[in-house]
Amino acid sequence: MSWNHGKKVITDIKQFPEGTYGFVYMITNLDTYDFYIGRKQLMAKVTRPPLKGQKKKRVEFKQSKWVDYQSSNKEVQEWSNVEKVILTLAFSKIGLTYFETKALFCLGALEDNKSLNGNINGKYYKDKIQTEMQLFKEAVKPLVPNPVLEDECRRNFHQMSCT
């Protein structure tokens, strides 16, 4: 199964710009429209024992199994009819973490019941956020509705430049 990025189908690491560390993705189940947002590094670090007479372990990098990757989430791994989309590219570990976190918040992963993401950075949990959102909605009903901010956040994320 290949990855889509914009109008391109990505099947080879050479299709990424030089220096790409990884990407943030969304996998959608085309039968149920459930989705999962995550991140994947293109290269994996492999630590090998030291050579004879040496003390330092050897560190090598090899291409990760990103082409066939289908999430760390066990339920997502069982999906067969899926769309795999690269949302954005990252050029460092910190960039990858940042863009994944941004995607999760901007696309409302903890608020949407179709999302299989259960938390963001181990700090924000779906059940607690959904309770908080319900309390918020009840408290601000008399005030100006907030769908404009949600639409703006989604629009800004999709306009983000990846290259």
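Please read these numbers as outputs of a predicted model, since none were measured by experiment.

What follows covers the packing of aromatic side chains. On inspection of all chains with the given rule, the structure shows 10 aromatic pairs. Geometrically, the ring pair formed by Y25 and Y36 is tilted, given 6.5 Å between the ring centres and 35 degrees between the ring planes. Remark: Y36 occurs in strand β4 (residues 35–41) and Y25 occurs in strand β3 (residues 22–29); sequence separation between them is 11 residues. Residue Y36 is classed as buried on the basis of its relative accessible area of 12%. Seen from their ring centres, Y25 and Y69 are 6.0 Å apart, and the 80 degrees between their planes marks the pair as edge-to-face. Here Y25, found in strand β3, pairs with Y69, found in the loop between β6 (58–63) and α1 (74–77); they are 44 residues apart in sequence, far enough to count as distant. Judged by relative accessible area, Y25 falls into the buried class, the value being 1%. A relative accessible area of 18% means that Y69 is categorised as buried. Of the aromatic side chains, those joined through ring pairs into one cluster are W3, F16, F23, Y25, Y36, W66 and Y69. Of note, K40 hangs over the ring of Y69, and the distance from its end group to the ring centre comes to 4.2 Å.

Below, the discussion takes up the side chain of N73. Along the chain, the position of N73 falls in the loop between β6 and α1. When near neighbours in sequence (up to four residues on either side) are disregarded, N73 contacts Y36 and L116.

The buried count for β3 comes to eight of eight residues, which makes it a mostly enclosed element. On β3, burial covers both faces: G22, V24, M26 and T28 on one face and F23, Y25, I27 and N29 on the other are all buried. As defined by bridge partners, β3 adjoins β4 across seven bridges and the pair is classed as antiparallel. Paired with G22 across the two strands is Q41, which belongs to β4. Counted along the chain from β3 to the antiparallel partner β4, the turn is five residues long, and its residue Y33 has a positive phi close to 65 degrees. Bridge count between β3 and strand β7 (residues 82–90): eight bridges; the pairing is antiparallel. When the sheet's bridge partners are listed, G22 is paired in β7 with A90.

Look at S71: it is not a glycine, yet its phi comes out positive at around 80 degrees. Tracing the sequence through the fold places S71 in the loop between β6 and α1.

With that settled, consider helix α2 (residues 93–106). Between its first and last C-alpha, α2 extends 20 Å over 14 residues, near the 20 Å set by a 1.5 Å rise per residue. Buried within α2 are the following residues: G95, L96, E100, T101, A103, L104 and C106.

Let us now look at the environment of P17. Of note, P17 is situated in the loop between β2 (8–10) and β3. With a relative accessible area of 30%, P17 lands in the partly exposed category. C-alpha separation for the pair P17 and L89, spaced 72 residues apart in sequence, amounts to 9.0 Å.

Reading the values: the criteria
Residues numbered from 1 in each chain as written. Predicted model: local features only at pLDDT ≥ 70, side-chain atom pairs only at ≥ 80, totals over all residues. Heavy atoms only, no water. Phe/Tyr/Trp six-rings, centres within 6.5 Å; stacked < 30°, edge-to-face > 60°. Helix = DSSP H or I, 4+ residues; strand = E, 2+ residues; numbered from the N terminus. Buried < 20%, exposed > 50% of the residue type's maximum accessible area, 1.4 Å probe, protein only. Lys NZ or Arg CZ within 6 Å of the ring centre and 35° of its normal. Contact = heavy atoms within 4.5 Å. Pairing = 2+ DSSP bridges. Expected span 1.5 Å × (residues − 1).

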